[in-house]
Structures are given as C-alpha cells and as structure tokens.
Amino acid sequence: MSEDTGKIVGIVLVSHSAAVAASVAELVQGLVGAGGGVPVAPAGGTEDGGLGTSAELIAAAAASVDRGAGVAVLVDLGSSVLTVKALLAEGDELPDRTRLIDAPFVEGAVAAQVTASTGADLTAVEMAAREAYTYRKE
C-alpha cells in the first residue's frame, strides 16, 4: 500500500507516436475498468504531431498524473529514454518521485496500472512493470 494514504501512483506512457501512446493508455485503462482510478497520460510524438519525443509533452503529462505518490514513466524506444533521463537530470521539470521504469512498453504498462490500482507504492509499481520482462508467450 502507498505510504501516502489516499495518494496514488500516476503513469506516463512515452512513445515516439502520439497514436501509440494514446492507444496503450486506452488499453490499460480499459483492462482495469476505467483505469481503477489510476491517472494515466500519454506523451507521444512531438508538439507539431510528428514522430519523436517532446520534453514539454512529457513534463505536462507527468504533472497531469501526479497525485503525490510518484509518477511511473514507461517509454518505447531509445531516444525516449534519453529525453526522460535529461528531464530527470534537470531536477525541476518533473514532479518529485518521478521514476523512469525499465519495462516492456505494453505489458509493463498493464502491470503498472493493475498494481497502482491496488494502492501500491511506486516501488511496487516499478517491480510489477519490470516483471513483465519475464512474461512468456509460448
């Protein structure tokens, strides 16, 4: 359970494509019945609608889901990792307790959403998302 009673971990989904980020957000919210009360925000593409990542869109998404228990950020590809790491290094662009989560994008997002919906803290959300690497499809 979150150490901050009444607070919940928010989730940001960073993709190079706005459509992919929005679709994964819709998927995880749908699988957990209206998202289980977990705020999820897509941060996909660039400000002009192109492919890529945007520090501004990521920062805005993180601020929009921050409920005081931390923000889990899941990313799709390499440069999105670099963009989030740069924001974290700046120190004031993202909410306190924002964490880049090393997890598969779709499966990790589902695991993070399900775990956050139980009221789990940021560390538990991160661990659940990371465990998605072990999901076998054979």
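Residues numbered from 1 in each chain as written. Predicted model: local features only at pLDDT ≥ 70, side-chain atom pairs only at ≥ 80, totals over all residues. Heavy atoms only, no water.

S.K.: What am I meant to see in the environment of D66 here?
M.R.: By the element assignment, D66 lies in the loop between α2 (55-65) and β3 (71-75). Sequence-wise, D66 and L94 are 28 residues apart; in three dimensions their C-alpha atoms are separated by 9.4 Å. The contacts of D66, once residues within four sequence positions are left out, are V71 and P95. A distance of 3.0 Å separates a polar atom in the side chain of D66 from the backbone nitrogen of G68. (Helix = DSSP H or I, 4+ residues; strand = E, 2+ residues; numbered from the N terminus. Contact = heavy atoms within 4.5 Å. Polar contact = N/O pair within 3.5 Å; in protein donor to acceptor, adjacent residues only side chain to side chain.)

S.K.: Help me understand the packing of helix α4 (residues 105-116) against helix α5 (residues 122-131) in this model?
M.R.: Think of two packed helices as two axes; the pair is described by the angle between the axes and how far apart they sit. Running from N to C, α4 and α5 cross one another at 145°; their axes reach a closest spacing of 7 Å. You can see that α4 and α5 cross each other, and the crossing is right-handed. In this structure, α4 contributes G108, A111, A112, T115 and A116 to the contact, and α5 contributes A124, V125, A128 and A129. Across the contact of α4 with α5, the residue classes break down as 7 nonpolar, 2 polar and no charged. (Axes fitted to C-alpha atoms, helices over the stretch in contact; angles between N-to-C directions. Left-handed = near helix turned anticlockwise from the far one by under 90°. Nonpolar A, V, L, I, M, F, W, Y, C, P; charged D, E, K, R; others polar.)

S.K.: Is there a simple way to think about the environment of V40 in this case?
M.R.: Along the chain, the position of V40 falls in strand β2 (residues 40-44). The sequence separation of V40 and G119 amounts to 79 residues, and the corresponding C-alpha distance is 14 Å. Here V40 is in contact with I11, L13, A25, V28, Q29, V65 and Q113, once residues within four sequence places are set aside.

S.K.: Is there a simple way to explain the side chain of E126 in this structure?
M.R.: Within the secondary structure, E126 is located in helix α5. In this structure the side chain of E126 is engaged in a polar contact, spanning 2.8 Å, whose partner is the side chain of R99. Excluding residues within four positions of it along the chain, E126 makes contact with R99, L100 and I101.

S.K.: How should the sheet that holds strand β1 (residues 10-15) be read in this particular structure?
M.R.: Pairing between sheet strands relies on hydrogen bonds along the backbone, with the strands arranged either parallel or antiparallel. Read across the sheet, 4 strands follow the order β2-β1-β3-β4 without closing on themselves; strand pairing throughout is parallel. Two strands lie at the open edges of the sheet, namely β2 and β4 (98-101), each paired on one side alone. This sheet shows a mean twist of 25° between the axes of neighbouring strands, independent of strand direction. Relative to β2, β1 is paired through 5 bridges, and the arrangement is parallel. Within β2, the residue paired with V14 across the bridge is A43. Its contacts with the sheet put α2 on β1, β2 and β3, and the angle it makes with β2 is roughly 175°. (Pairing = 2+ DSSP bridges.)

S.K.: Any chance you could explain unusual backbone geometry here in plain terms?
M.R.: Generally, phi is negative for residues other than glycine and the peptide bonds are trans, each holding for most cases. Even without a glycine there, the phi angle at R97 is positive, about 60°. Checked against the element boundaries, R97 lands in the loop between α3 (78-90) and β4. R97 gets classed as partly exposed once you look at its relative accessible area, which sits at 38%. (Buried < 20%, exposed > 50% of the residue type's maximum accessible area, 1.4 Å probe, protein only.)

S.K.: Can you walk me through a negative patch on the surface in this structure?
M.R.: On the surface, a cluster of negative charge is contributed by E47, D48, E56, E90, D92 and E93. With respect to the helices and strands, the residue D48 is situated in the loop between β2 and α2. Owing to a relative accessible area of 69%, D48 belongs among the exposed residues under this scheme. (Patch = residues over 30% accessible without salt bridge, like charges linked within 9 Å, V, L, I, M, F, W, Y side chains within 5 Å. Areas by Shrake-Rupley, 256 points an atom, 1.4 Å probe, with all protein chains shown as cover. Salt bridge = Lys/Arg side-chain N within 4 Å of Asp/Glu carboxyl O. Lys, Arg positive; Asp, Glu negative; His and termini not counted. Charge placed at Lys NZ, Arg CZ, Asp CG, Glu CD.)

Geometric descriptors of this kind do not, in isolation, establish any biological role.
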